[in-house]
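# Summary of structural features
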Amino acid sequence: MDGLFYYHDEFGITFLRLFPDGKVISFCKSTKLEQPLPSFPYFQVDSDKTLFASGSYHIEDENRIKIRVLGDYGPIDYRGTIRDKDTLYLNCKCPFTNYRKSEKYLRFSETKHIIHFEVGNRNEN
């Protein structure tokens, strides 16, 4: 699996960048904080331009996925299913805070410009 996936809601947007070798990086942008959204070329595992959570993922039975990333606030675990090449259904759990959430991640497509539209609209409200 390879690609940039995102999930957005009223609190912000979360990105998961999956690499074919099993590595993953994530980035969250809150709508509550004045936090710049980094350029997409910086979504690289060894980037020193922006702080990301990083880790690995594993696919089981062709449609089940496990992801674990470690960031400034501790580990975050994702488990879920691969619906198709463009959709991931993930249950998120942070053991440190006991935060849990179910999320639908979609493959990012620059032609749709959904991220810029959604984040911009939410910040204006």
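Everything numeric here is computed off the predicted structure, so don't read it as measured data.

### A look at the overall build of the protein
The helix and strand inventory of the protein stands at one helix and eight strands. Along the protein, helices (α) and strands (β) appear in the sequence β-β-β-β-β-β-β-β-α when read from the amino end. Relative to its 125 residues, the protein shows a buried fraction of 37%. For the protein, the proportion of contacts with a sequence separation of at least 24, taken over those separated by at least 6, is 36%. For the protein, the exposed area adds up to about 8,100 Å²; of that, 50% sits on carbon and sulfur atoms.

### Topic: the confidence of the model for the protein
Caution applies to low-pLDDT regions: their predicted coordinates should not be interpreted in detail. Overall, the prediction assigns the protein a mean pLDDT of 76, with 68% of residues at 70 or greater. This stretch, residues 113-125, has a pLDDT under 50; its non-local contacts, to residues over four places away or in other chains, come to 18 contacts.

### Quick word on the nonpolar core
With 16 residues, the main nonpolar core has Leu 18, Ile 67, Tyr 78, Leu 90 and Tyr 105 as its most contacted residues. Ranked by size, the runner-up nonpolar core spans nine residues in total, among them Leu 4, Tyr 6, Ile 13 and Phe 27.

### Examining the pairing of strand β8 (residues 99-107)
Here strand β1 (residues 3-9) runs beside β8; their pairing, made up of two bridges, is antiparallel. Across the sheet, residue Phe 5 finds its bridge partner in β8, namely Arg 107. Relative to β8, strand β7 (residues 87-94) runs antiparallel, the two sharing eight bridges. By the bridge assignment, Leu 90 is partnered in β8 with Glu 103.

### As for unusual backbone geometry
Notably, Asp 61 is not glycine yet its phi reads approximately 50°, a positive angle. Here Asp 61 is to be found in the loop between β4 (53-60) and β5 (64-71). Despite not being glycine, Glu 62 has its phi angle at roughly 65°, a positive value.

### Notes on a positive patch on the surface
A surface patch of like charges, here positive, comprises Arg 64, Arg 79, Lys 93 and Arg 100. With respect to the helices, strands and loops of the structure, Arg 64 is situated in strand β5. Since its relative accessible area comes to 42%, Arg 64 is described here as partly exposed.

### Description of the environment of Cys 92
Summarising the element assignment, Cys 92 is placed in strand β7. Placed 25 residues apart in sequence, Cys 92 and Ile 67 show a C-alpha to C-alpha distance of 9.2 Å. Leave out the neighbours within four places in its chain, and Cys 92 touches Ile 76, Asp 77, Tyr 78, Tyr 99, Arg 100, Lys 101 and Glu 103.

### With respect to the pattern of salt bridges
Following the criterion strictly, the structure yields six salt bridges and no others. Note that Asp 9 is salt-bridged to Lys 101, the shortest N-O span being 2.4 Å. Here the residue Asp 9 occupies a position in strand β1, and Lys 101 occupies one in strand β8, the gap between them amounting to 92 residues. Residue classification places Lys 101 among the partly exposed positions, given a relative accessible area of 21%. Taken together, the shared-partner salt bridges in this structure form one network comprising Lys 85, Asp 86 and Arg 107.

Procedures and definitions
- Position numbers for residues start from 1 in each chain and track the written sequence from start to end.
- Two thresholds apply to this predicted model, a pLDDT of at least 70 for residue-level local features and 80 or more for giving and counting side-chain atom pairs, whereas whole-chain, interface and lining totals are computed over all residues.
- Computation of side-chain values: all heavy atoms of the structure, hydrogens and water removed.
- In this description a helix means any DSSP run of H or I spanning at least four residues, a strand means any run of E spanning at least two, and both kinds are numbered starting from the N terminus.
- For the exposure calls, accessible area comes from a 1.4 Å probe over protein chains only, and a residue counts as buried if that area is under 20% of its type's maximum, exposed if over 50%, partly exposed in between.
- Residue contacts are defined here by distance: any two heavy atoms, one from each residue, within 4.5 Å place the two residues in contact.
- For every accessible area listed, the method is Shrake-Rupley and the probe measures 1.4 Å; residues are considered covered only by the protein chains on display.
- How sure the predictor is of each residue is captured by pLDDT, a score from 0 to 100.
- Among the buried residues, those of types Ala, Val, Leu, Ile, Met, Phe, Trp, Tyr and Cys that are joined through side-chain atoms within 4.5 Å form a nonpolar core.
- When DSSP finds two or more bridges between two strands, those strands count as paired.
- Each patch is assembled from residues with relative accessible area greater than 30% and no salt bridge, linking like charges that lie within 9 Å and nonpolar side chains (Val, Leu, Ile, Met, Phe, Trp, Tyr) that lie within 5 Å.
- By salt bridge we mean one thing: a side-chain nitrogen of Lys or Arg within 4 Å of a carboxyl oxygen of Asp or Glu.
- Counting rule for charge: Lys and Arg are taken as positive, Asp and Glu as negative, and neither His nor the chain ends is counted.
- Charged side chains are reduced to one point each, which is NZ for Lys, CZ for Arg, CG for Asp and CD for Glu.

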